[in-house]
2 protein chains.
Amino acid sequence: MDNEAKIAVVHRYVEAFEKADLDIIRDIYAEDAVVEDPVGSEPHVGLAAILGFYEGALASGAKLELTGDVRCAGNTVAFPFKVIMPGMEIAPIDVFEFDDQGKVRSMKAYWG
Amino acid sequence: MDNEAKIAVVHRYVEAFEKADLDIIRDIYAEDAVVEDPVGSEPHVGLAAILGFYEGALASGAKLELTGDVRCAGNTVAFPFKVIMPGMEIAPIDVFEFDDQGKVRSMKAYWG
């Protein structure tokens with residue numbers, strides 16, 4: 001998986017929020033993926049749990065805006081962005097780890 | 001360990017490069033820490049190996065400059081910065097994970 005493909009996944013992730021499209025989220029993640037958002041909270045384990053989590057997030061009307069370069073390293077990417085919600089903004093750094101099929105098998109969100 | 005203490009460690013890390021002071025690095029890391037820089041490369045395991053790695057980095061004259069907020073989450077911090085070397089700049093995101101004693105037990109650098 002080259003850097004271009006990894007960066008494309010990040011842009012599709014932003015698009016999923018832009019369009020409130022859960023199918024994009026479903027396509028990005030592996031069946032056995034683990035999402036920890038924020039790091040230190042109870043992880044969402046497996047695609048069903050992950051989709052439940054994002055269903056709420058997308059329904060909230062949150063939009064994402066990248067605020068810096070997408071960093072590629074090994075089988076991972078890390079990227080800084082803003083989450084823009086009505087009356088609220090947070091500024092996480094997310095790390096995606098990819099499996100051999102190019103699906104995200106681990107997502108960790110650093111904010112608090 | 002509160003967020004203020006975690007952010008202070010990040011600033012001491014920047015200071016270590018500013019002053020080319022290996023003692024600060026020695027003080028920041030746990031004895032059994034693991035440094036993976038960049039992610040995907042062979043990790044430096046244990047303080048002795050880590051100090052060897054930083055000895056070279058500090059000797060290169062590299063300086064660090066934070067380029068965004070230090071994000072705190074659980075027992076971790078993530079922060080974007082520039083590494084400024086003669087004729088070269090890179091823009092990593094580093095993630096520190098702290099142990100119960102407030103020492104960094106894991107460092108992962110995302111760039112490539």
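Before reading further, recall that the structure is shown in the block above.
(A) Region of the structure containing the interface of chain A and chain B. Listed per partner, the contact involves 20 residues of chain A and 20 residues of chain B. For the pair chain A and chain B, the summed buried surface comes to about 1400 Å²; carbon and sulfur atoms form 66% of the total. Together, R71, I93 and Y110 of chain A form the three largest contributors to the area buried by chain A at its contact with chain B, with a combined 42%. At the boundary of chain A with chain B, the tally comes to six residue pairs in polar contact (both at pLDDT 80 or more). Breaking the side of chain A that touches chain B down by element, the ones donating at least two residues are strand 4 (71–73), strand 5 (76–85), strand 7 (93–98) and strand 8 (104–110) of chain A. Among the elements that line the side of chain A that touches chain B, the one with the most residues is strand 5 of chain A, at five residues.

(B) Spotlight on the packing of helix 1 (residues 3–18) of chain B against helix 3 (residues 47–59) of chain B. Residue and element names in this part refer to chain B. Viewed as axis vectors pointing N to C, helix 1 and helix 3 meet at an angle of 60°, and their least axial separation amounts to 9 Å. By the angle between their directions, the pair helix 1 and helix 3 is classed as oblique. Within the contact between the two elements, helix 1 uses Y13, A16 and F17 and helix 3 uses Y54, A57 and L58. Counted by class, the contact of helix 1 with helix 3 contains six nonpolar, no polar and no charged residues.

(C) Structural view of the side chain of K6 of chain A. All names here are of chain A. Topologically, K6 is positioned in helix 1 (residues 3–18). In this structure, K6 is buried with no salt-bridge partner, the nearest side chain bearing the opposite charge being D2 at 7.6 Å. Ignoring any residue separated from it by four or fewer positions in sequence, one finds K6 in contact with M1, C72, G74, N75, T76, V77 and F98.

About the thresholds
Residues numbered from 1 in each chain as written. Chains lettered and ligands numbered in written order. Predicted model: local features only at pLDDT ≥ 70, side-chain atom pairs only at ≥ 80, totals over all residues. Heavy atoms only, no water. Contact = heavy atoms within 4.5 Å. Buried area = accessible area lost by both parts, 1.4 Å probe. Polar contact = N/O pair within 3.5 Å; in protein donor to acceptor, adjacent residues only side chain to side chain. Helix = DSSP H or I, 4+ residues; strand = E, 2+ residues; numbered from the N terminus. Axes fitted to C-alpha atoms, helices over the stretch in contact; angles between N-to-C directions. Parallel < 35°, antiparallel > 145°, perpendicular 65-115°, else oblique. Nonpolar A, V, L, I, M, F, W, Y, C, P; charged D, E, K, R; others polar. Buried < 20%, exposed > 50% of the residue type's maximum accessible area, 1.4 Å probe, protein only. Lys, Arg positive; Asp, Glu negative; His and termini not counted. Salt bridge = Lys/Arg side-chain N within 4 Å of Asp/Glu carboxyl O.

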